Amino acid sequence: MTIEVRDLVKKYGSFAALDHVDLKVETGELVALLGPSGSGKTTLLRIIAGLDWPDSGSVTFDGEDALSRGAGERHVGFVFQHYALFRHMTVFENIAFGLRVQPRAIRPSEDKIRKRVMELLDLVQLGWLANRYPSQLSGGQRQRIALARALAIEPRILLLDEPFGALDAKVRKELRRWLRQLHEEIHVTSIFVTHDQEEALEVANRVVVMDKGKIEQIGSPGDVYDNPATSFVHGFIGESIALPVQVSEGRVSLGGKPLNLEPHGAASGPSTLFIRRHDVALVPPGSGVIDGDVKHVRAFGPSQRADVALRVGEGETLIEIDAPRDRDLKPGEVVSLQPRRYRIFATA
């Protein structure tokens, strides 16, 4: 099932939740809609699902107009952030619900319903919980049951709205890996909404980065991380150092101090220098692009993080960098920083 969205507009008063959005999702893809709150990602998902309607534009499934059909006619499975399981029903009955309420003409027999539910319980690796109630499950188990329920009707499209947002970090990581493996087995065209960049980069085939109702970039996880198309994408994905610089006649300066950096085609004028924290090398004082004073150091997993006050003109600019644990940084130490990779974008 291919999904195509063309020139989609959705406004709430003067606020444009979607501003002329175009997107195509190929059959069998797992696509992440990634962006901050208010970027339009959930609005786009709800319109595809038939839970909301655009002011203009089109949505097609395999070339057929989806907007002419209600949510129940689109054959879409939807998984919400907060599970939305029926508390008075067992796990088995929750999964069977969508099959039992189908019109009599297409409703499976009781034997087929039982077979389908047990197959899904095996698929989500929770067959032993068939007779329990949602209140007896962990958060991760409830979300897997919610996914099984969405798959019960054999949807042509699977939509997930912040599916792991209510779970703790360890469970989220486990379920992300599990969802990726599950998708490789079932190959249903899937779109999921998230504001968690790590989640999008780990799970999706392609990532759609959104901001203020517009799509900033579409690409593979590697593309959007390594080759961000805009300053917003660079600043939102990954943890970046952002410094206000001036580009003039092929030279880059910070606070009036020339930096030994190529502008890489950036036009003259006010710009922002973006550097991933892990792309900053510590070199002997005076030998890097800019010097700074270490203010604070703290351990952070396999690396350490340091607050460094850059010497910029008459003042200081505080940034945060990553350094290997075997580099014994101390507060008060003078360090020199050399970017391994960086991008420069004109200031809007």
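Residues numbered from 1 in each chain as written. Predicted model: local features only at pLDDT ≥ 70, side-chain atom pairs only at ≥ 80, totals over all residues. Heavy atoms only, no water.

*Asks:* How should the nonpolar core be read in this particular structure?
*Replies:* The tendency in soluble globular proteins is for nonpolar side chains to be buried as a group. By size, the foremost hydrophobic cluster in this structure holds 45 residues, and its most contacted members are I95, L121, I145, L147 and L158. The element best represented in this core is helix α4 (residues 139–151), accounting for six residues. Those residues in contact with I95, other than ones at most four positions away along the chain, are V117, L120, L121, I145, A148, R149 and A152. (Core = buried A, V, L, I, M, F, W, Y, C linked by side-chain atoms within 4.5 Å. Buried < 20%, exposed > 50% of the residue type's maximum accessible area, 1.4 Å probe, protein only. Helix = DSSP H or I, 4+ residues; strand = E, 2+ residues; numbered from the N terminus. Contact = heavy atoms within 4.5 Å.)

*Asks:* I'm lost on the environment of D326 in this one. Help?
*Replies:* Mapping D326 onto the fold places it in the loop between β18 (315–324) and β19 (334–339). Residues D326 and V203 lie 123 residues apart in sequence; the distance between their C-alpha atoms is 32 Å.

*Asks:* Before we go on, may I ask you to explain the packing of helix α2 (residues 91–100) against helix α3 (residues 110–123) in this structure?
*Replies:* For any two helices packed against each other, one specifies the inter-axial angle together with the distance between the axes. Interaxial distance between α2 and α3 falls to 10 Å at its minimum, and their mutual angle equals 125 degrees. Taken together, α2 and α3 sit at an angle that is classed as oblique. Seen along the crossing, α2 lies across α3 with a hand that is right-handed. Only E110, I113, R114, R116, V117, M118, L120 and L121 of α3 make contact with α2, whose side of the interface consists of V91, F92, I95, A96, L99 and R100. (Axes fitted to C-alpha atoms, helices over the stretch in contact; angles between N-to-C directions. Parallel < 35°, antiparallel > 145°, perpendicular 65-115°, else oblique. Left-handed = near helix turned anticlockwise from the far one by under 90°.)

*Asks:* Sorry, what's going on with the sheet that holds strand β16 (residues 290–300) here?
*Replies:* Hydrogen bonds along the backbone pair up the strands of a sheet, which may run parallel or antiparallel. Taken in spatial order, the five strands of this open sheet run β15-β19-β16-β17-β18, and their pairing is antiparallel. The open sheet terminates on both sides in strands that have one partner only, identified here as β15 (280–283) and β18. Within this sheet the neighbouring strands show an average axis-to-axis angle of 45 degrees, counted without direction. Where β16 and strand β17 (residues 303–312) come together, eight bridges link them in antiparallel fashion. Looking at the pairing, H296 lines up with D307 of β17. (Pairing = 2+ DSSP bridges.)

*Asks:* I'm lost on the confidence of the model for the chain in this one. Help?
*Replies:* Keep in mind that low pLDDT regions are not for reading the predicted coordinates in detail. On average, residues of the chain carry a pLDDT of 90, and 99% of them reach 70 or more. No element of the chain has a lower mean pLDDT than helix α5 (residues 169–186), at 84, and none a higher one than strand β10 (residues 214–219), at 98. (pLDDT = per-residue confidence, 0-100.)

*Asks:* Looking at this model, I keep getting lost on the packing of aromatic side chains. Mind explaining?
*Replies:* What describes a pair of aromatic rings is the distance from one ring centre to the other and the angle between the planes of the rings. Applying the stated criterion across every chain yields a total of four aromatic pairs. Relative to F236, the ring of F232 lies with its centre 5.5 Å away and its plane at 10 degrees, an arrangement referred to as stacked. Taken together, the positions of F232 and F236, both in helix α8 (residues 231–236) and four residues apart, correspond to about one turn of that helix. For F236, a relative accessible area of 18% translates into the label buried. Of note, R276 hangs over the ring of Y225, and the distance from its end group to the ring centre comes to 4.2 Å. (Phe/Tyr/Trp six-rings, centres within 6.5 Å; stacked < 30°, edge-to-face > 60°. Lys NZ or Arg CZ within 6 Å of the ring centre and 35° of its normal.)

*Asks:* Looking at this structure, I do not really get the side chain of T60. What am I missing?
*Replies:* Among the structural elements, T60 can be located in strand β4 (residues 56–61). Apart from residues lying up to four places away in sequence, T60 is in contact with T2, I3, E4, D65 and A66.

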